[in-house]
Amino acid sequence: MRPSVLALTRYLVLGLAVALSSALAAQDLPIVVIVMDDLGNNQTVGKRALDLQGDLTYAILPNTPSAKVLARYAHANGKEVIVHAPMASERQLDPGPGALSDQLGHSEFLATVRGNIKAIPYARGLNNHMGSALTPIPEFMGLLMAVVAENDLYFIDSRTSAKTVAANVAEHFQIKNLSRDVFLDHDRSLPAIDAAFQRLLTLARRNGIAVGTAHPYPTTLKYLETVLPKLQANEQVQLVSGSQAIRARYGSETNETKSSLAAKHAGAVSYVSNAAAADALPENVNR
Ligand SMILES: [Zn+2]
């Protein structure tokens, strides 16, 4: 009996060592973030996306029919949710309900952002839906970031315009943020999605972290259902949620950063009140 017990012990110890070394190694693997945008209009499609394996980040459109159901389903299944804030596009596309644009007065803009955030339970962050016309305007990105700070969210710049200043303004207000590196399904064909996904992996390996944006198209879901279960084993990268990536980028929150959080809020609010004061005069004069 004794030799077999010894053999078993050795086997267990070896197994433990292997498990420990792979667990330690996982922390050091390049980080991949996948943001699944545009959820909320279709519950079946949304649930299929939420059932994908791994820590994806789900951006839900406020005031869409299935927004709340999907946010709750995500939360119940340990999936991270963010607000997919609809913003004006240069191509005059309709961003949907709760759309933000520079045509709104400042107080209406702030109220709309607050309404968007309130519409998505459990949201940890916010990213922009469309927004090529709005994200280049520092004034409105300042207003946006004030509300992002107010709700203690992180921000992801979807980078729908090369002229976006959203991430810079977030940085200015010390709001933890990420920027989209790759659109995974700009071209929805499987070979194009695969090529974009490989580019995402290359960037993650080169920069330590890379952010991809996907949409719940049938081909995208099919592709991700195939590759995600074996992603870490096959590619030696780790798929983590937006908030985990934020922690990796900025380190854990210390007391010092918590106290600077208060300063950040104060800075954001004073920025807003200055901007609001500038805006108030012409509106009052004209009406
Ligand atoms: Zn979108």
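The numbers attached to residues start from 1 for each chain and follow its sequence in the written order. Only residues with pLDDT of at least 70 are given local features in this predicted model, and only at 80 or more are side-chain atom pairs given and counted; all residues enter the totals for whole chains, interfaces and linings.

Enquirer: Sorry if this is basic, but what is going on with the overall build of the chain here?
Expert: Numbering of helices and strands runs from the N terminus, with a helix taken as a DSSP run of H or I at least four residues long and a strand as a DSSP run of E at least two residues long. Within the chain one finds eleven helices and nine strands. With C-beta atoms placed from the backbone, a residue is labelled by how many other C-beta atoms lie within 10 Å of its own: buried for 20 or more, exposed for 12 or fewer, partly exposed between the two. Looking at the 287 residues of the chain, the share that counts as buried comes to 41%. Taking as baseline every contact in the chain between residues at least 6 positions apart, the subset at least 24 positions apart corresponds to 71%. Residues are treated as contacting if the C-beta atoms built from their backbones sit within 7 Å of each other.

Enquirer: Looking at this structure, how should I read the confidence of the model for the chain?
Expert: Regions with low pLDDT should not have their predicted coordinates read in detail. On a range of 0 to 100, pLDDT expresses the predictor's confidence in each residue. Mean pLDDT for the chain: 86, with 79% of residues reaching 70 or above. When the criterion is pLDDT under 50, residues 253-259 qualifies, and its contacts beyond four places in sequence or with other chains add up to one contact. Note that pLDDT drops below 50 for residues 261-287; the model gives that stretch 25 contacts with residues more than four away or on any other chain.

Enquirer: Is there a simple way to think about unusual backbone geometry in this case?
Expert: Excluding glycine, residues mostly carry a negative phi; peptide bonds, for their part, are mostly trans. For Asn63, which is not a glycine, the phi torsion comes out positive at approximately 60°. Relative to the assigned elements, Asn63 resides in the loop between strand 2 (57-60) and helix 3 (67-76). C-beta crowding within 10 Å serves as the criterion here: with 16 such atoms nearby, Asn63 is assigned to the partly exposed category. A positive phi angle, near 55°, is found at Gln236, a position not held by glycine. Turning to its location among the elements, Gln236 is positioned in the loop between helix 9 (231-235) and strand 9 (238-239). Taking the number of C-beta atoms within 10 Å as the measure of exposure, Gln236 has 15 and is therefore partly exposed.

Enquirer: Whenever I open this one, the environment of Leu110 confuses me. Can you help?
Expert: Structurally, Leu110 can be placed in helix 4 (residues 106-118). By C-beta crowding, Leu110 is classed as partly exposed, having 19 other C-beta atoms within 10 Å. It is 9.8 Å that separates the C-alpha atoms of Leu110 and Met145, two residues lying 35 residues apart in sequence. Beyond its immediate chain neighbours, meaning those up to four positions away, Leu110 contacts Leu143 and Val147.

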